[in-house]
Amino acid sequence: GSDLWLMKLSEPAGLNNKSKGEIVIYPNPTIDILTINANENLVNNRYVIRDEIGKIIKEGVLSFKINTIDVRILESGLYYLHIGEELNPIKISKQ
């Protein structure tokens, strides 16, 4: 089955306090479309999907609170979703 990931995110001290946010990514593992529900403070942040050796596979911008990323072209395996500059990467499994 699929897992639903809910992560509470906060950025380092010294940045604007309203930058704390929440993000939901599903389905994970995924087959074709990855959905990202982002807090409004994460909208307009850049996202990057990297493979296990760090190569950029796909990138773009979270333009909305609910975003979809087509991952059909990705080979099966583990990938890392980076959102913005300060947040830890999120492990994505592609089947």
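Reading the values: rules and limits
Going along each chain's sequence as written, the residues are numbered from 1 onward. Thresholds applied to this predicted model are a pLDDT of at least 70 for local features of residues and 80 or more for the giving and counting of side-chain atom pairs; totals over whole chains, interfaces and linings are not thresholded and use all residues. Note that water and hydrogens are dropped before the side-chain values are worked out from all heavy atoms of the structure. Counting from the N terminus, the helices are DSSP H or I runs at least four residues long and the strands are E runs at least two residues long. Accessibility here uses a 1.4 Å probe with only protein chains present; expressed as a share of the type maximum, an area under 20% marks a residue as buried, one over 50% as exposed, and anything in between as partly exposed. Accessible areas in this description were obtained via Shrake-Rupley with a 1.4 Å probe; residue shielding takes into account the shown protein chains only. A carboxyl oxygen of Asp or Glu within 4 Å of a side-chain nitrogen of Lys or Arg is what we treat as a salt bridge. We call two residues contacting when some pair of their heavy atoms lies within 4.5 Å. Two strands qualify as a pair provided that DSSP identifies no fewer than 2 bridges between them. Axis angles are defined between N-to-C directions and span 0 to 180 degrees, where every axis is a line fitted to C-alpha atoms and, for a helix, only to the segment in contact. Take the buried residues of types Ala, Val, Leu, Ile, Met, Phe, Trp, Tyr and Cys, join any two whose side-chain atoms come within 4.5 Å, and each joined set is a nonpolar core.

Caption draft 1: Broad picture of the overall build of the protein chain. Within the protein chain one finds 0 helices and 8 strands. Burial statistics for the protein chain: of 95 residues in total, 34% are counted as buried. In the form shown here, the protein chain has an accessible surface area of approximately 6,000 Å², with 49% of it arising from carbon and sulfur atoms.

Caption draft 2: Molecular detail of the pattern of salt bridges. A complete count under the given rule lists 3 salt bridges for this structure. The closest approach of N and O atoms between E59 and R46, which form a salt bridge, is 2.2 Å. Placement of E59 in strand β5 (residues 56-61) and of R46 in strand β4 (residues 46-50) is noted, with a sequence separation of 13 residues between them. Judged by its relative accessible area of 43%, E59 falls in the partly exposed class.

Caption draft 3: Region of the structure containing the side chain of T35. Structurally, the position occupied by T35 is in strand β3 (residues 33-38). For T35, a relative accessible area of 10% translates into the label buried. Excluding anything up to four places from it in sequence, T35 contacts V24, I25, Y26, I66, N67 and T68.

Caption draft 4: Local environment of unusual backbone geometry. In this chain, Y26 is followed by P27 through a cis amide linkage whose omega measures -15°. Mapped onto the elements, P27 comes out in strand β2 (residues 21-28). Of note, the amide linkage connecting N28 to P29 takes the cis form, showing an omega dihedral of 15°. Inspection of the secondary structure puts P29 in the loop between β2 and β3. Of note, the phi angle at N44 is positive, near 75°, even though the residue is not glycine. Summarising the element assignment, N44 is placed in the loop between β3 and β4.

Caption draft 5: The sheet that holds strand β7 (residues 77-83), seen in detail. Taken in spatial order, the 4 strands line up as β5-β4-β7-β8 in an open sheet, and their pairing is antiparallel. Lying at the two open borders of the sheet, with one neighbouring strand each, are β5 and β8 (90-94). Looking at each pair of strands side by side, their axes are set apart by 25° on average, direction ignored. For β4 and β7, the ladder comprises 4 bridges, and the chain directions are antiparallel. Residue pairing across strands places V48 opposite H82, the latter belonging to β7.

Caption draft 6: Expanded view of the nonpolar core. Of all hydrophobic cores here, the largest spans 18 residues; its most connected members are I25, I36 and L81. Counting residues per element, the ones that place at least two in this core are β2, β3, β4, β7 and β8.

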